[in-house]
2 protein chains.
Amino acid sequence: MSTRIADSVRERIEQMIVTGDFADGERLDEVKLAEQFGVSRTPLREAFQSLAASGLLTLKAHRGAFIRHPDFVELVEMFEVMAEIEAMCGFRAARHVTESQMTAIGVTIEACEAAIAEGDFDEYYRENETFHHLLYEASGNRFLAREAARLHKRLKPYRRLQLRANGRMLQSMREHRAVFAALKRSDSKAAAATLRLHVAIQGERFNDLMASYRQLAALKTG
Amino acid sequence: MSTRIADSVRERIEQMIVTGDFADGERLDEVKLAEQFGVSRTPLREAFQSLAASGLLTLKAHRGAFIRHPDFVELVEMFEVMAEIEAMCGFRAARHVTESQMTAIGVTIEACEAAIAEGDFDEYYRENETFHHLLYEASGNRFLAREAARLHKRLKPYRRLQLRANGRMLQSMREHRAVFAALKRSDSKAAAATLRLHVAIQGERFNDLMASYRQLAALKTG
DNA sequence: TTCAATCTTTTTGTATACAAGAGGTTTGAC
DNA sequence: GTCAAACCTCTTGTATACAAAAAGATTGAA
């Protein structure tokens, strides 16, 4: 692994942001954080830039780094794009997925089911992540896979909240199986359509997300 | 405008990369470039990070910044994703585009035609850029618009070469008009399909791009 | 009292100095 | 002659010092 201070600082700050340690619009104090982490400003500023590139921070010239939580509208917009990207992955995967990839996807589905049976939310969450990443890879388009993973990561905190919603885990599970089935019979359109719905925010899921978002927003201002 | 040295350095290096001043895999020497630009290593390293985030450079820990031109496969993959993103923009724009946006798009199309009539390639190119950016905005999804613009920018050097191909300008022009017409009658599917084909690389355009790519590759090793 | 201008303070941006890792080279042993 | 190990050099990573810009406070006048 990398021994760079800047990288580990980046990860720590990212974790803090995602956890909700900072209020929206809050300015991150370079010297204070540097002191807190026991490092100089140099690697810290590097981390800031990296985080800004990921969209977690906004850098204003001569003003500093500011927390930029997406507002609800932007969040919905992001999920909308994610839905389309996942659909594209699914569409392509139905044609390009290899046997070993299908096996791997099958394994994660089994693991998801086991996790649900045991009520192990965290485990389900991890396997869910794996399922999606395998799907991205299976698209056969490595650039697409990278972009999908990037956006997926960016939406992580919000998806997590969303998944906790009532009955969402089982529903999600069913959709995974449907995708798997579509891939098995090389049905591009079905795979795409299922994934689009799987990710898209609509109907009651809209309300679920909104509730989660408010929860997070409340956390923030505390 | 920003008075930050790091930003202007970033732009200059980006320009150099896009122009093809560096060979693929080449390492960018911090001290040499810093000297060349008359700045210290600090803003230069900032620029490196920013460029790495954009995918133009690869940073290897304790090794430095390396030029990372996409290979031909990756290039095709990127255009494939771009096609889908543009299609999504078009699909949504057909429903969300405002009157003033339609007017603006109409203006760029006129300007494109005028440029073709005068054989002014650069002018056509600029108006073509505008057309696409207006389309992104018209999608009504600001996150999507940003992502589309990002990828569009990334593909800039390759698209430019591609456009020079024989008869491509007129063909492109026709497609723009078709998109405009589809938007006018709120035909989401037609707008999406037209744009997908407009951007996608297929048939003879595949060969055009490959030829351009080889040209660029030849430049690089020089 | 209020407004404005200047000065002060605070914070970011840049330069430089220093540390440490990676790669190559030389030297020594077998 | 070949291989390996230590050393040297070159480059990157980090810390600190310095410069400059922005925000805030203070003082003065109207």
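This write-up is about the structure you can find in this document. (Residues numbered from 1 in each chain as written. Chains lettered and ligands numbered in written order. Predicted model: local features only at pLDDT ≥ 70, side-chain atom pairs only at ≥ 80, totals over all residues. Heavy atoms only, no water.)

This paragraph deals with the protein's contact with DNA strand C. In the neighbourhood of DNA strand C, 18 residues make up the surrounding shell, with Arg41 and Arg45 of chain A together with Ile5, Ser40 and Thr42 of chain B lying closest. What you see for DNA strand C is that sugar and phosphate hold 69% of its atoms within 4 Å of the protein. Taking histidine 62 of chain A, its main chain carries an N or O atom lying 3.0 Å from a phosphate oxygen of DNA strand C. Between DNA strand C and threonine 42 of chain B, the relevant distance is 2.7 Å, taken from a base nitrogen to a side-chain nitrogen or oxygen of the residue. (Near = heavy atom within 4 Å. Polar contact = N/O pair within 3.5 Å; in protein donor to acceptor, adjacent residues only side chain to side chain.)

A few words on the protein's contact with DNA strand D. Taken together, 18 residues are adjacent to DNA strand D, and Ile5, Ser40, Thr42 and Arg63 of chain A together with Arg45 of chain B come closest. The share of sugar and phosphate among atoms of DNA strand D within 4 Å of the protein is 72%. Within the contact set of DNA strand D, a phosphate oxygen lies 2.9 Å away from a side-chain nitrogen or oxygen of arginine 4 of chain A. Here a phosphate oxygen of DNA strand D sits 2.7 Å away from a polar atom, N or O, in the side chain of arginine 63 of chain A. Those elements that provide at least two residues to the surface near DNA strand D are helix H1 (5-19) and helix H3 (41-54) of chain A together with helix H3 (41-54) of chain B. Here the surface near DNA strand D takes 3 residues from H3 of chain A, the largest share from any one element. Its residues assigned to classes, the surface near DNA strand D comprises 5 nonpolar, 5 polar and 8 charged. (Helix = DSSP H or I, 4+ residues; strand = E, 2+ residues; numbered from the N terminus. Nonpolar A, V, L, I, M, F, W, Y, C, P; charged D, E, K, R; others polar.)

Moving on to the relation of the copies chain A and chain B. Note on the copies: chain A fits chain B at an RMSD of 0.1 Å, the axial shift is 0.0 Å, and the rotation between them is 180°. Such a turn and shift between the copies fits a two-fold axis. Looking at the rotation axis and the C-alpha trace of chain A, the residue lying nearest is alanine 53 of chain A, at 3.2 Å. A shared binding surface is used by both copies, with 97% of the interface residues of chain A retained as interface residues in chain B. (Least-squares fit on C-alpha atoms with pLDDT ≥ 70 in both. Contact = heavy atoms within 4.5 Å.)

Attention now moves to the interface of chain A and chain B. Residue-level contacts link 29 residues of chain A with 28 residues of chain B. Overall, the association of chain A and chain B removes approximately 2,300 Å² of surface from exposure, summing both partners, and the carbon and sulfur fraction of that is 54%. Taken together, chain A and chain B are joined by 8 salt bridges. The partner of glutamate 74 of chain A in a salt bridge is arginine 146 of chain B, and the shortest N-O contact between them spans 2.7 Å. (Buried area = accessible area lost by both parts, 1.4 Å probe. Salt bridge = Lys/Arg side-chain N within 4 Å of Asp/Glu carboxyl O.)

Below, the discussion takes up the packing of aromatic side chains. By the definition in use, this model includes 2 aromatic pairs over all chains. An angle of 25° between the planes, with centres 6.3 Å apart, marks the rings of phenylalanine 121 of chain A and tyrosine 125 of chain A as stacked. Here tyrosine 125 of chain A and phenylalanine 121 of chain A lie together in helix H6 (residues 121-138), a separation of 4 residues that amounts to about one turn. Each member of the pair, phenylalanine 121 of chain A together with tyrosine 125 of chain A, is buried. Here the basic side chain of lysine 60 of chain B rests over the ring of phenylalanine 66 of chain B, its NZ or CZ set 4.8 Å away from the ring centre. (Phe/Tyr/Trp six-rings, centres within 6.5 Å; stacked < 30°, edge-to-face > 60°. Buried < 20%, exposed > 50% of the residue type's maximum accessible area, 1.4 Å probe, protein only. Lys NZ or Arg CZ within 6 Å of the ring centre and 35° of its normal.)

Turning next to the pairing of strand E3 (residues 64-67) of chain A. Residue and element names in this part refer to chain A. Bridge count between strand E1 (residues 27-28) and E3: 2 bridges; the pairing is antiparallel. Considered in E3, the bridge of arginine 27 is made with phenylalanine 66. For strand E2 (residues 57-60) and E3, the ladder comprises 4 bridges, and the chain directions are antiparallel. Bridge assignment links leucine 57 to a residue of E3, and that residue is isoleucine 67. From the end of E2 to the start of E3, which pair antiparallel, there are 3 residues, and histidine 62 there has a positive phi angle of about 65°. (Pairing = 2+ DSSP bridges.)

A few words on the sheet that holds strand E1 (residues 27-28) of chain B. Residue and element names in this part refer to chain B. Read from one edge to the other, the open sheet built from 3 strands follows the order E1-E3-E2, with strand pairing classed as antiparallel. Edge positions in the open sheet fall to E1 and strand E2 (57-60), since each of these has one partner strand only. Sitting on the sheet, H3 touches E1, E2 and strand E3 (64-67), and the angle it makes with E2 is about 115°. (Axes fitted to C-alpha atoms, helices over the stretch in contact; angles between N-to-C directions.)

A word on the pattern of salt bridges. For the structure on display, the rule yields 33 salt bridges over all chains. With a shortest N-O distance of 3.2 Å, arginine 185 of chain A and aspartate 187 of chain A are connected by a salt bridge. One network of salt bridges, in which partners are shared, links Arg4, Asp7 and Glu46 of chain A together with Glu30, Arg41 and Arg45 of chain B.

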